[in-house]
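Summary of structural features
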Amino acid sequence: QGAAVARRRPRSGLLQCRWGPAVPPGQTRGRGGRKWGPGSWGGGNCPVLEKIKAIQKSHGARSLLWSDGGGPFSDLSRALVRALGSPNYNSSDAVCARNVHHAALSLFGFGHEQLVYDFKNAKQVVLQTRNVFESIDVREVNNLLDGMAAGARLTVIDVRATVTAGKADRFLMIRPGTDYALNLAVINILLNNHLYNETYAHAFIQPLDALRRFVEPYTPAWAEGETAIKAENIVMLAEDLAKAAPAVIWHPGWMTARYRDSFHLARSAYIINALLGSVGAKGGLPLVNTPEYLGRKSLNRLVDLFPKVQEKRADGVGWKYPQFDPEAGLLQLAFKAMAGADPYPIKAYVAFNHDPLSSFPDPTVIKQAFDQLDYLVCVTSGWSQTAWQADLVLPLSTYLERESMIQQKNDLIPTFFIRQRCMEPRFDTKADWEIISDLARKLEITPLAFKRIDDLWAIQLEGVGVKVDELLSKGFVELTDKPIYRKPDQIKFPTASGRIEIVNDRWEKLGLPSLKPYIAPVTPAAGQFRLTVGRCALHSQGNTINNPRLNARMPENELWINQSIARKMDIEDGETVMVTSHGITGQLKTKLTEFIQPEAVFMVHGFGRQIPVETRALGRGLADNTLMAGGLDLWDPSGGGLALQEHFVTISKI
Ligand SMILES: Nc1nc2c(c(=O)[nH]1)N[C@H]1C(S)=C(S)[C@@H](COP(=O)(O)OP(=O)(O)OC[C@H]3O[C@@H](n4cnc5c(=O)[nH]c(N)nc54)[C@H](O)[C@@H]3O)O[C@H]1N2
Ligand SMILES: Nc1nc2c(c(=O)[nH]1)N[C@H]1C(S)=C(S)[C@@H](COP(=O)(O)OP(=O)(O)OC[C@H]3O[C@@H](n4cnc5c(=O)[nH]c(N)nc54)[C@H](O)[C@@H]3O)O[C@H]1N2
Ligand SMILES: [Mo]
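Residues numbered from 1 in each chain as written. Chains lettered and ligands numbered in written order. Predicted model: local features only at pLDDT ≥ 70, side-chain atom pairs only at ≥ 80, totals over all residues. Heavy atoms only, no water.

Okay, the overall build of the chain next. A count of helical and extended segments in the chain gives 21 helices and 22 strands. Its C-alpha radius of gyration of 25 Å places the chain within 12% of the 26 Å reference for a compact globule of 654 residues. Seen through its principal axes, the chain has C-alpha atoms that stretch 75 × 65 × 45 Å. For the chain, the residues scored as buried account for 59% of the 654 residues in total. Contacts in the chain between residues far apart in sequence, at least 24 positions, make up 74% of those at least 6 positions apart. As presented, the chain carries roughly 26,500 Å² of accessible surface, and 52% of it is formed by carbon and sulfur atoms. When the 75 basic and 67 acidic side-chain charges of the chain are each reduced to a single mean position, those positions are 4 Å apart. (Helix = DSSP H or I, 4+ residues; strand = E, 2+ residues; numbered from the N terminus. Rg over C-alpha atoms; globule rule 2.2 N^0.38 Å. Buried < 20%, exposed > 50% of the residue type's maximum accessible area, 1.4 Å probe, protein only. Contact = heavy atoms within 4.5 Å. Areas by Shrake-Rupley, 256 points an atom, 1.4 Å probe, with all protein chains shown as cover. Lys, Arg positive; Asp, Glu negative; His and termini not counted. Charge placed at Lys NZ, Arg CZ, Asp CG, Glu CD.)

Moving on, we get to the side chain of S581. Position of S581 relative to the elements: it lies in strand β19 (residues 576-581). Once residues within four sequence positions are removed from consideration, S581 is found in contact with L627, F648 and V649.

To continue, consider helix α4 (residues 98-108). In terms of burial, α4 is a largely internal element, 11 of the 11 residues being buried. Along α4, the residues classified as buried are R98, N99, V100, H101, H102, A103, A104, L105, S106, L107 and F108.

It is worth spelling out the site of ligand 2 at this point. Around ligand 2, a shell composed of 22 residues is seen, among which N353, D355, S359, T380 and D624 lie nearest. Within the side chain of N543, one N or O atom sits 3.0 Å away from an oxygen atom of ligand 2. In the complex, the protein chains occlude 84% of the 910 Å² of accessible area that ligand 2 would expose alone. (Near = heavy atom within 4 Å. Polar contact = N/O pair within 3.5 Å; in protein donor to acceptor, adjacent residues only side chain to side chain.)

With that settled, consider the nonpolar core. Ranked by internal contacts, the top residues of the largest apolar core, which has 78 residues, are F108, L211, W250 and L275. When neighbours within four sequence positions are excluded, L275 is seen to be in contact with I187, L190, L191, Y196, N197, I205, L208 and L211. Counting residues in hydrophobic clusters, the runner-up holds 57 residues, among them L333, L531, L622 and L644. (Core = buried A, V, L, I, M, F, W, Y, C linked by side-chain atoms within 4.5 Å.)

Interaxial distance between helix α7 (residues 179-192) and helix α10 (residues 220-227) falls to 9 Å at its minimum, and their mutual angle equals 165 degrees. In terms of orientation, α7 lies roughly antiparallel with respect to α10. α10 is crossed by α7, and the crossing has left-handed handedness. Contacts from A181, L182, A185 and I189 of α7 reach α10 at P220, W222, A223, E226 and T227. (Axes fitted to C-alpha atoms, helices over the stretch in contact; angles between N-to-C directions. Parallel < 35°, antiparallel > 145°, perpendicular 65-115°, else oblique. Left-handed = near helix turned anticlockwise from the far one by under 90°.)

A separate point is the sheet that holds strand β20 (residues 584-593). Strand order in the closed barrel made by the six strands is β17-β21-β18-β20-β19-β22, with mixed pairing throughout. Recorded for the sheet is a direction-independent mean angle of 45 degrees between the axes of neighbouring strands. With four bridges connecting them, β19 and strand β22 (residues 648-653) associate as antiparallel partners. Bridge assignment links V579 to a residue of β22, and that residue is I651. (Pairing = 2+ DSSP bridges.)

Right under this line is the structure:
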């Protein structure tokens, strides 16, 4: 991969694009497929620095866009973007968890990461659109297995039988896109059959009457017609949950960029938890604890070293769309701004450890937006679809070859942890903090111009009361011995009413109803299927497909299709078929199974790589996002997440 190019060069090099041959007349310039060769890490003459400076000088500081995968490691990136005077930092979360994040904000006043899934102590766990044992968070897997060993019962609601479904006590195969109907019926049962926790509801939920009136038409019998799940099974599920309450988790979803009502689906899941009294409870969704809650201090954030940029964000978040959290923005709208120079031109873009061309729908349209850029930089540890289009690639050390910023995990036990460098980089790469510090030094942003990682750690830890040596020797420093669960009288929601807001004024004022009536999803036309997507246990998104060992085990994805339907179409198991959507066609091998809902087909995300240097991955399998033409415009107006599963494909024999 990228590193293979670097291998031939001395340690001072920098992968830098050289322009390819001139484009024949009549064709657009276009990016990609250029010749690549070494550059230098910069000495006096740093190309990235000069370019960014020049662009910001002629188009304003705001003409810089920066995106990454978000999460706890992005503090340094955010700080640099602020220091450069641009409001346009975006995470990738619009294609991941934005809907559930905003759903939590609208109900509780805090984001989804302020609640823990206490799998270890749960008695009933419902996983809806969650494949815990294949779409992995290691600690979560262990906790759920521990919980199940201690007797927790597992219900899985999915459009297909996953490994997680295979381990479940109850598997409910649902029609794709109808989960909201199911949840409304569950709320209906809880309220009408007095299965909810009245004391909790009285103390924490407002207004319950509005909710009661709203769910009246959504009976279990009605939901059966939508979801294809038997009414009696829906009732049984609600009753089982009520018996186990409050040690119940109805998971509100993680990758929730699926439908136009995913925000409301996530809200309904949270509301079910609230009615069962599990929000805040042991074995349910207790609140995380912060160091401040224990009378301690959080890590200092580097982003706070700089004043907030007052300029309006290019993606409209915070002004045109006041309902959304401006911390992460919505990248699809930043691409729109880039394409149309509206509200202003975006001329430089840094994709930091991030591959939007494989993780956002409609890569053709994104590439057209890239044509409006003067400069596209990718910081990456391996080739990616986006890096291939870049003007400059800065090679990043892999995680074992770099140390990282100290992290804080707010949890039942708030914890600090540190990642150390295990080995020197094999190739000519640098750690993320080294790359950013180098830039900062040259830009004279002194507070971020760290010479040693210890200087960065020292700023993070100032006044925190934890020594770096302790972190280095233990890896993790926990702030209490035991998990802390709050008593009900210690729970406060940071909303206007101090309670869980079933009706939220911020959204209502924008004409976005808090209780949105159910709209049935489009039923696929004859011969069509709804495209559903997800992860597999072996690969990490698209970035491991070319890894030799992982590629040997799983070189391509396959198309799950309902066996009875496939047989009628004369399609065999393992046969290569044409998959077409919006006029775009690809080929994929089939996997025939009874265990997928007949309206859906499913494929693992991340395959169908298209860049020649990834020799093993090249052209193997199919990229789901290429089948999502027009997808940048399909997003949940209340939650901001893209609706990646509002696309249909036709399958035909070759
Ligand atoms: N091994 C591995 N683990 C990972 C990742 C990885 O790339 N590889 N990625 C990580 C990341 S970034 C994330 S966000 C998480 C994602 O974690 P999850 O959200 O659990 O993972 P997914 O596989 O996207 O989707 C879960 C399930 O939703 C189902 N589904 C699709 N449509 C519907 C529907 O309409 N209704 C219902 N009920 N179910 C539906 C799919 O069949 C799938 O089994 O995984 C994380 N863990
Ligand atoms: N169509 C469709 N789109 C999706 C999804 C989907 O299921 N379908 N899933 C969505 C989800 S849940 C998420 S979180 C986003 C993720 O979207 P991205 O964040 O774009 O995806 P990643 O592949 O995790 O990260 C991309 C970059 O991380 C860097 N990287 C980090 N570690 C490594 C490594 O060890 N090897 C290599 N080669 N590169 C590394 C590389 O620069 C790589 O290009 O995508 C979303 N987009
Ligand atoms: Mo994700």
